[in-house]
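Read off the chains here:
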Amino acid sequence: MAVITLITDFGDRDEYVGVMKGVILSVNPEARIVDITHQVEPQDVVQAAYLICASYPYFPPQTVHVAVVDPGVGSSRAILAGRCKGHLFLGPDNGILSLISDDNPWEELVEVRNRDYFLSPISRTFHGRDIFAPVAARLAGGLDIHKLGPVFDPRKMKRLHIEKPQWSDSGELRGTVIAIDRFGNLLTDITEELIPRPGTEGDCRIEIRIGSTNISGLSACYDSVSQGIPLALIGSRGSLEISVNSGSARHYFGVEKGCKIRIKKENRNPPI
Amino acid sequence: MAVITLITDFGDRDEYVGVMKGVILSVNPEARIVDITHQVEPQDVVQAAYLICASYPYFPPQTVHVAVVDPGVGSSRAILAGRCKGHLFLGPDNGILSLISDDNPWEELVEVRNRDYFLSPISRTFHGRDIFAPVAARLAGGLDIHKLGPVFDPRKMKRLHIEKPQWSDSGELRGTVIAIDRFGNLLTDITEELIPRPGTEGDCRIEIRIGSTNISGLSACYDSVSQGIPLALIGSRGSLEISVNSGSARHYFGVEKGCKIRIKKENRNPPI
Amino acid sequence: MAVITLITDFGDRDEYVGVMKGVILSVNPEARIVDITHQVEPQDVVQAAYLICASYPYFPPQTVHVAVVDPGVGSSRAILAGRCKGHLFLGPDNGILSLISDDNPWEELVEVRNRDYFLSPISRTFHGRDIFAPVAARLAGGLDIHKLGPVFDPRKMKRLHIEKPQWSDSGELRGTVIAIDRFGNLLTDITEELIPRPGTEGDCRIEIRIGSTNISGLSACYDSVSQGIPLALIGSRGSLEISVNSGSARHYFGVEKGCKIRIKKENRNPPI
């Protein structure tokens, strides 16, 4: 089987996504194409980078994940193809693939240069159609990744300007709302590993502060609190999520993407 | 062939739908996945319940129809899988499957409990990915439904608080606009069977009242009236639909979902 | 392989597109269905006609392209099926297929009338489901197009009221913005062939006027100019496109679809 996923900022009103699929099926009639989303904010490379990480692990091994959020299309920016954790990835070298490899060194990484696998002629504005689609179709068909171009040093890959949250010495951690989903849930960059679990670290408990509201501890699920009440939990991405049961945390807190969240450890050991 | 349809309130901006498809293809690479819609209003179980009924009959027998509008995700609400009219259905026990069976008794119905068919670990917020997707993929692959869990009594299925329109003794019927489509057509819960056809019941004719406007009788198609003029017809769901030729009934009448429609029988027998 | 593309104005909130796919898969389980877009403005036949032309050449030969923007559904308008340039097309006779054939005479063209290939009964409001979907599924399965109905004279096909831009004797050309994409790029009806290339016609250069702004000559790609600066280039459809590097030309110029663009030839031969 040959599965190809697509993440783009092309939206759903224009012919762009459909045309990419036409090219893919022309090259590889067996390809199964799955849309992750085409509603990335125009040119929001960071949002796309997070979406890749949130989606790829749930696909079969050897799936080709294509991310086309590409403000530099037509310029001299490189296009990269790589293999990591048994999946294949294809995207421009603008940071979009840089979160995948944080702790998973690339097994293979090449710069895509071989025009034998591109459409011809190549436009200067739509590499999704002219390069990404036919190359993805070939990769999904089993093409040796090294046929695409020379090896690319992962250390030279463009990075995103993203600071990972860390605990300060005073027991505080500042994270960021990196996405707000359709339900108004606030998805943060505070991963599960950063949060002390009940029963560990002396019976420490966390206090989460967003705006002027405090949320005490983690809930197990949305309806652990009453309707309309905010809560924090570990969401489906394995990160801290701020929600409102049967409501929208976005509206409740009046916040947008980029908003800051603070967590404090609270030692609840009873006085002896 | 193994077809799976999806109805959710997940929208198209987040990774949720794509991830469900990744899980489905990981379990059952042959599955054909069809989106009905992911634009159900967040947590609008009633809307989803109507959409299932409007779509399932047009799919091949044995299609697995999955509906994930699930405000109670992570709570103790049950998940149900059933067979009805040769199709398979999977959804939470919150009423979402309750309109299918109104006059079609369930051939089989079970509570989905067998964790062998779930992802592991199971999140408390995204059963679409962790339970519905892998179970649907198995059902589409021919898994015996009884492997999923114990038989569930259909009479114990949660119901929606929906009143079916009925003719009063005075010859009036009140119905409700249950959906407004992209064209602004008002789709009602007044099914074709409720409406006397011309030539029956003495030569009775109907008069439809919406807001302060009367529409006389049913039209055959949109352009049976002039452009910009409202009309009533039997729409594609087999129910009464209020439309405006080349226009939007929503805008014409200034109404929203939930608005009431009245029908009166008008006896047109000529005086003898 | 049997590929079917869909262009409709059905949007993504209602069951209409999903139901069409159910019908297609019921008739032809092997069909691969690709959405071009379902976000055509309600009843905007012209927009759909351009989208067909922009997308079909990128699909495999024998692909069936279905366009359902059909204000006359249920009336006496004909439905046409044709073969052109190795592709198959299916749509109402309202002009939607008329731009395909401008310089590509139809190899075959028939009026779709044979009810053997329709669903039964046929609604008066949803021919996408009842006629277009099952007929497309049959065509994709290799049905002889002449089985669908009698030959239709291409010269009798309904035309759109579209004027093609032409150079005036005074060296000016007026074109129209026929679409604005998600990025705010202005797509015009001024095809590449109409624009003199540098080095031809005695080193002539073009000056493009939109609103009160002049753009001099064509850029090679978006970042040929600084961020926030407007430019003109040959876009992915092979036509003149007005863009703003890392911005939206729609917002920059404050224009909408239908806005006019003027081009003047500028002779840059140095004085002797």
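For the structure itself, look to the data block above.
A short tour of the structure in this document, coming up. (Residues numbered from 1 in each chain as written. Chains lettered and ligands numbered in written order. Predicted model: local features only at pLDDT ≥ 70, side-chain atom pairs only at ≥ 80, totals over all residues. Heavy atoms only, no water.)

With that settled, the discussion passes to the interface of chain C and chain B. Taken together, the contacts link 34 residues of chain C with 32 residues of chain B. Here chain C meets chain B over a buried area of about 2700 Å², counting both sides, of which 53% is carbon and sulfur. In terms of surface lost to chain B, no three residues of chain C exceed C:Arg13, C:Glu15 and C:Thr125, which account for 23% of the buried area on that side. At the junction of chain C and chain B, the tally comes to 2 salt bridges. The shortest N-O distance in the salt bridge between C:Glu15 and B:Arg237 comes to 2.8 Å. At the junction of chain C and chain B, the tally comes to 18 residue pairs in polar contact (both at pLDDT 80 or more). Here the element with the most residues in the side of chain C that touches chain B is helix α1 (residues 16-27) of chain C; it accounts for 8 residues. (Contact = heavy atoms within 4.5 Å. Buried area = accessible area lost by both parts, 1.4 Å probe. Salt bridge = Lys/Arg side-chain N within 4 Å of Asp/Glu carboxyl O. Polar contact = N/O pair within 3.5 Å; in protein donor to acceptor, adjacent residues only side chain to side chain. Helix = DSSP H or I, 4+ residues; strand = E, 2+ residues; numbered from the N terminus.)

On to the relation of the copies chain C and chain B. For these two chains of identical sequence, chain C goes onto chain B by a turn of 120° and a shift of 0.0 Å along the axis, with RMSD 0.0 Å. Overall, the copies show the geometry of a three-fold rotation axis. With a heterologous cut-off of 20% or less, the 18% of interface residues of chain C that recur at the interface of chain B puts this contact in the heterologous class. (Least-squares fit on C-alpha atoms with pLDDT ≥ 70 in both.)

We now examine the interface of chain A and chain B. On the side of chain B, 34 residues touch chain A, which itself brings 32 residues to the contact. Area buried by chain A at its contact with chain B is led by A:Tyr58, A:Arg182 and A:Phe183, which between them contribute 27% of it. At the junction of chain A with chain B, the criterion picks out 2 salt bridges. The interface formed by chain A and chain B contains 18 residue pairs in polar contact (both at pLDDT 80 or more). Ranked by the residues each element gives to the side of chain A that touches chain B, the list is headed by strand β2 (residues 32-37) of chain A, at 5 residues. Tallied by class, residues from the side of chain A that touches chain B come to 17 nonpolar, 6 polar and 9 charged. (Nonpolar A, V, L, I, M, F, W, Y, C, P; charged D, E, K, R; others polar.)

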